[in-house]
Amino acid sequence: MRILLLGYGKMGKTIEQIAVDRGHSIVGKIDVQNRADMDKLQTADVDVAIEFSSPESAFENIIYCLKKGWPIVCGTTGWLDHRAEVEALCKAQSGSFFYASNYSIGVNLFFRLNRMLARLMNGHEYQSSMTEVHHIHKLDAPSGTAITLAEGIIEEMGNVDGWKLAPENEEGYLQILAERRGEVPGTHIVRYESEVDTIEISHTAHNRQGFALGAVVAAEWLPGKFGVFGMNDLLKI
Ligand SMILES: NC(=O)C1=CN([C@@H]2O[C@H](COP(=O)(O)OP(=O)(O)OC[C@H]3O[C@@H](n4cnc5c(N)ncnc54)[C@H](OP(=O)(O)O)[C@@H]3O)[C@@H](O)[C@H]2O)C=CC1
Ligand SMILES: O=C(O)C1=N[C@H](C(=O)O)C[C@H](O)C1
């Protein structure tokens, strides 16, 4: 496959290694400095675009790809205020759009475990909260993964109405603490506390390989499918 990389930072570079190892070619590596190079590519030059840029630029990049007729796999977090607009344009253009807040298989198993635990905890006297830890370069907080975990808990538990980013806190809301430390690739801890005990589940990424492999597998899967897709469509877990 001919892959266009939109965003050539930590993730773009890891994705490139995995994509090339799997026999794909990279037709462009776009970042801020060479954005104009995208205009030189025709619709037929790209089989799929993989977008890992920044919260401020993702929306514009997605729209660009949809208008150009390129299937797009997006992993950038922090732009979901525009999600409805993206989905509407994807539909209008009969385009192909894939989004996941986290592409690693381990985290997607963890999403399931999180929902199962939330269902089990429903009705018991525990206060839920979450901590996410990432490297100091991360621009958005809380992480996209933490938001997906929170959405799972909110849907499964009757007494949780939404989430708040610490130090904000409110009765009936799940508090998310976002820590930024060194070069941590991504750690998520879901916690239930009572007067007498604490129950915790956690996922710790050791590097970015799992995220990048998932994005490449999604890019192999997407072309030829029309609509808006996510990891539940791709994974049979
Ligand atoms: N869904 C998932 O599984 C994962 C998601 N992520 C998310 O992916 C995103 C990128 O992460 P990461 O690679 O670590 O970040 P980096 O900062 O390392 O890389 C981002 C890259 O995007 C480029 N960029 C910025 N603006 C634009 C633009 N307008 N057009 C094209 N490229 C642009 C930057 O260019 P320049 O250097 O010139 O500024 C940089 O090369 C983040 O939102 C992160 O949260 C990360 C890991 C996993
Ligand atoms: O910025 C990162 O690095 C990561 N971002 C994603 C997120 O916001 O959840 C996924 C992963 O945790 C790494």
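Residues numbered from 1 in each chain as written. Chains lettered and ligands numbered in written order. Predicted model: local features only at pLDDT ≥ 70, side-chain atom pairs only at ≥ 80, totals over all residues.

**Q** How would you summarise the UniProt feature "domain: Dihydrodipicolinate reductase C-terminal" (unreviewed entry) in the protein if you had to cite specific residues and measurements?
**A** Taking the UniProt record as the reference, the feature "domain: Dihydrodipicolinate reductase C-terminal" (unreviewed entry) is found at residues 106–235. Spanning residues 106–235, this segment combines 35% helix with 28% strand, and its end C-alpha atoms are found 11 Å apart. (UniProt positions renumbered as here; feature names shortened; annotations may be inferred. Helix = DSSP H or I, 4+ residues; strand = E, 2+ residues; numbered from the N terminus.)

**Q** Help me get a handle on the site of ligand 1, residues and values and all.
**A** By nearness alone, 27 residues border ligand 1, and Gly-7, Gly-9, Met-11, Ser-57 and Gly-75 come closest of all. The leading source of residues in the shell around ligand 1 is helix α1 (residues 10–21), at three residues. The residue makeup of the shell around ligand 1, split by class, is 10 nonpolar, 14 polar and three charged. (Near = placed C-beta within 6 Å. Nonpolar A, V, L, I, M, F, W, Y, C, P; charged D, E, K, R; others polar.)

**Q** Account for the pairing of strand β2 (residues 25–30), with residues named and values stated.
**A** With five bridges connecting them, strand β1 (residues 2–6) and β2 associate as parallel partners. Among the inter-strand pairings, Leu-4 is bridged to a residue of β2, identified as Gly-28. Following the backbone out of β1, through α1 and into the adjacent parallel β2, one traces a crossover that is right-handed. (Pairing = 2+ DSSP bridges. Right-handed = clockwise from strand over helix to strand, strands pointing away.)

**Q** Mind laying out unusual backbone geometry, listing which residues take part and the relevant values?
**A** Omega for the peptide link from Ala-141 to Pro-142 comes to -5 degrees, which places this bond in the cis form. Along the polypeptide, Pro-142 turns up in the loop between β6 (127–134) and α5 (144–156). Each neighbour pair has its own omega, and for Ala-166 with Pro-167 the value is 15 degrees, a cis peptide bond. Counting through the fold element by element, Pro-167 comes out in the loop between β7 (162–165) and β8 (173–180). The phi dihedral of Ser-94 falls on the positive side, at around 50 degrees, and the residue is not glycine. Looking at the element boundaries, Ser-94 is found in the loop between α3 (83–92) and β5 (96–99). Residue Ser-94 is classed as exposed on the basis of its C-beta count, with 10 C-beta atoms lying within 10 Å. (Buried ≥ 20, exposed ≤ 12 C-beta atoms within 10 Å, placed from the backbone.)

**Q** Provide a residue-level description of the site of ligand 2, including the pertinent values.
**A** Near ligand 2 the following residues occur: Thr-77, Ser-101, Asn-102, His-134, Lys-138, Ser-143, Gly-144, Thr-145 and Gly-186. For the shell around ligand 2, the residue count by class is no nonpolar, eight polar and one charged. Taken together, domain 1 (2–103 + 209–234) and domain 2 (105–204) each give at least three residues to the shell around ligand 2, which thus spans both. (Domains from an automatic or database assignment.)

**Q** Describe the nonpolar core, listing the residues and the values that go with them.
**A** The biggest cluster of nonpolar side chains holds 39 residues, and the ones touching the most others in it are Ile-50, Val-73 and Ala-215. Taken together, the elements giving at least two residues each to this core come down to β1, α1, β3 (48–51), α2 (58–68), β4 (72–74), α3, β5 and α6 (209–221). Residue contributions to this core peak at six residues, all from α6. Residues contacting Ile-50, with those up to four places away along its chain left out, are Ile-3, Leu-5, Leu-6, Ile-15, Val-73, Ala-215 and Ala-219. (Core = buried A, V, L, I, M, F, W, Y, C linked by C-beta atoms within 7 Å. Contact = placed C-beta atoms within 7 Å.)

**Q** Run through the packing of helix α4 (residues 105–121) against α5, naming residues and quoting values.
**A** With their axes 8 Å apart at the nearest point, α4 and α5 run at an angle of 30 degrees to one another. Relative to α5, the element α4 is oriented roughly parallel. The handedness of the crossing between α4 and α5 is right-handed. For the pair formed by α4 and α5, the contact residues are Val-107, Phe-111, Asn-114, Arg-115, Ala-118 and Arg-119 on the first element and Thr-145, Thr-148, Leu-149, Gly-152, Ile-153 and Glu-156 on the second. For the contact of α4 with α5, the class distribution of residues is five nonpolar, four polar and three charged. (Axes fitted to C-alpha atoms, helices over the stretch in contact; angles between N-to-C directions. Parallel < 35°, antiparallel > 145°, perpendicular 65-115°, else oblique. Left-handed = near helix turned anticlockwise from the far one by under 90°.)

**Q** Can you explain the pairing of β3? Please cite residues and give values.
**A** The alternating pattern of β3 places Val-48 and Ile-50 and Ala-49 and Glu-51 on opposite faces, both of which are buried. Relative to β3, β1 runs parallel, the two sharing four bridges. Bridged to Ile-3 within β3 is Val-48. Note that the unit made of β3, α2 and β4 has a crossover that is right-handed.

**Q** Lay out the UniProt feature "domain: Dihydrodipicolinate reductase N-terminal" (unreviewed entry) in the protein with the relevant residues and their values.
**A** As recorded in UniProt, the sites labelled "domain: Dihydrodipicolinate reductase N-terminal" (unreviewed entry) are residues 1–103. Along residues 1–103 one finds 32% helix and 21% strand; the C-alpha atoms at either end are 19 Å apart.

**Q** Which residues make up α6, and what are the values?
**A** Over its 13 residues, α6 extends 18 Å from the first C-alpha to the last, a length consistent with the 18 Å expected when each residue adds 1.5 Å. Taken as a whole, α6 has its buried residues at Gly-210, Phe-211, Ala-212, Gly-214, Ala-215, Val-216, Ala-218 and Ala-219. (Expected span 1.5 Å × (residues − 1).)

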